[in-house]
Amino acid sequence: HLEHNINYFYFVDSVFSFPRKHAAEICEEIIRRQLKISWQAMVNPRGISEELVQVMKKSGCMGVEIGIDTASEQMLKNLRKGFSLKNIARAIELYNGANIPIALYLLLGGPGETKESIDETVRFLDKISQPNQVLMNFGIRIYANTELAEISINEGVVGSDSDFMNPE
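Throughout what follows, the structure given in this document is the object of discussion. Keep in mind it's a predicted model, so treat the numbers as computed, not measured. (Residues numbered from 1 in each chain as written. Predicted model: local features only at pLDDT ≥ 70, side-chain atom pairs only at ≥ 80, totals over all residues. Heavy atoms only, no water.)

### Some details on the overall build of the protein
To keep it simple, the criterion reads: Secondary structure elements follow DSSP: runs of H or I of four or more residues count as helices, runs of E of two or more count as strands, with numbering from the N terminus. Contacts: residue pairs with any heavy atoms within 4.5 Å of one another. We get accessible surface area from the Shrake-Rupley algorithm with a probe of 1.4 Å; when it comes to residues, only the shown protein chains can shield them. The convention is simple: Lys and Arg are positive, Asp and Glu are negative, and His and the chain ends are not counted. Note that the charge is assigned to NZ on lysines, CZ on arginines, CG on aspartates and CD on glutamates.
Along the protein, the regular secondary structure elements total six helices and five strands. The order of helices and strands in the protein, counted from the N terminus, is β-α-β-α-β-α-α-β-α-β-α. Overall size of the protein, expressed as C-alpha extent along the three principal axes, is 55 × 40 × 25 Å. Residue pairs in contact within the protein that sit at least 24 positions apart in sequence constitute 67% of those at least 6 positions apart. Accessible surface computed for the protein: about 10,100 Å², of which carbon and sulfur atoms make up 51%. For the protein, the distance from the average position of its 17 positive side-chain charges to the average position of its 22 negative side-chain charges is 10 Å.

Now the structure itself:
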């Protein structure tokens, strides 16, 4: 910041806020050093607290992005996200309360996705405190030699001879 006169930062780590203590320490250090910066980050909705959101705001946070992928409890379990709809709703409520803009990212088409789970996602988004932006992608990347690749092969989504580099 001081050496190159950079006053805007984007923390790309998709779990900037996890663990919460580490995120708070980063924010507190920005405040302690009196850095006049603005920053954004990708955060995880699990464990977001009012205290963390307030220290983020005070340290210059001007927006967060949350990769929830889905708003269906079953799909959150299928994707092994490690957080719940309650965590998502609470995080959005806290960020909105602090006037920190929120973008949500959805990835539809994961293992077990159905019309019903997509409808559940839409209904959930309609009833919660509103984010500033919702970005939706259809389809997910499958990496070779992963549990998702195994599931996809077993469900016939891709062939066992797939190189996983090109869409089928």
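### Things to note about the sheet that holds strand E1 (residues 8–11)
Our working rule: Two strands pair if DSSP finds at least two bridges between them. Only the stretch in contact is used when fitting a helix axis, every axis being a line fitted to C-alpha atoms; angles between N-to-C directions are given from 0 to 180 degrees.
Spatially, five strands are ordered E1-E2-E3-E4-E5 in an open sheet, and the strand pairing comes out parallel. Single-partner strands in this sheet number two, and they are E1 and strand E5 (133–138). Averaged over all pairs of adjacent strands, the angle between their axes in this sheet comes to 15°, without regard to strand direction. Where strand E4 (residues 102–108) meets E5, six bridges bridge the pair, whose relative direction is parallel. Across the sheet, the residue bridging to leucine 104 is valine 134, located in E5.

### Some words on the nonpolar core
When a protein is soluble and globular, its nonpolar side chains tend to lie buried together. Condition: Working definition of a nonpolar core: buried Ala, Val, Leu, Ile, Met, Phe, Trp, Tyr and Cys residues. They are joined through side-chain atoms within 4.5 Å. Exposure categories follow from relative accessible area, calculated using a 1.4 Å probe and restricted to protein chains: below 20% of the type maximum is buried, above 50% is exposed, and the middle band is partly exposed.
With 35 residues, the main nonpolar core has Phe16, Trp39, Val43, Met56, Val64, Ile88 and Tyr95 as its most contacted residues. Secondary-structure elements contributing two or more residues to this core are helix H1 (20–32), strand E2 (38–43), helix H2 (50–58), strand E3 (61–69), helix H4 (85–97), E4 and helix H5 (115–127). Counting residues per element, this core draws most heavily on H4, at six residues. Residues in contact with phenylalanine 16, not counting those within four places in the same chain, are Phe11, Ala23, Ile26, Cys27, Trp39, Ala41, Met42, Val43 and Met56.

### Quick notes on a nonpolar patch on the surface
The condition that has to hold: For patch detection, residues must exceed 30% relative accessible area and be free of salt bridges, and they are connected within 9 Å for like charges or within 5 Å for nonpolar side chains (Val, Leu, Ile, Met, Phe, Trp, Tyr). Salt bridges are counted wherever a side-chain nitrogen of Lys or Arg sits within 4 Å of a carboxyl oxygen of Asp or Glu.
Together, Val134, Met136 and Phe138 give the surface a local cluster of nonpolar side chains, amounting to about 300 Å² of exposed area. When you line up the elements, methionine 136 lands in strand E5. Given a relative accessible area of 36%, methionine 136 falls into the partly exposed group.

### Brief notes about unusual backbone geometry
Cis peptide bonds are those with omega within 30 degrees of zero, and the linkage from phenylalanine 18 to proline 19 qualifies with 5°. Counting through the fold element by element, proline 19 comes out in the loop between E1 and H1. Residues other than glycine seldom take positive phi values, yet glutamine 34 does so here, at roughly 55°. With respect to the element layout, glutamine 34 can be found in the loop between H1 and E2. Here arginine 80, not a glycine, exhibits a phi torsion of approximately 55°, which is positive. Summarising the element assignment, arginine 80 is placed in the loop between helix H3 (73–78) and H4. Residue classification places arginine 80 among the exposed positions, given a relative accessible area of 53%.

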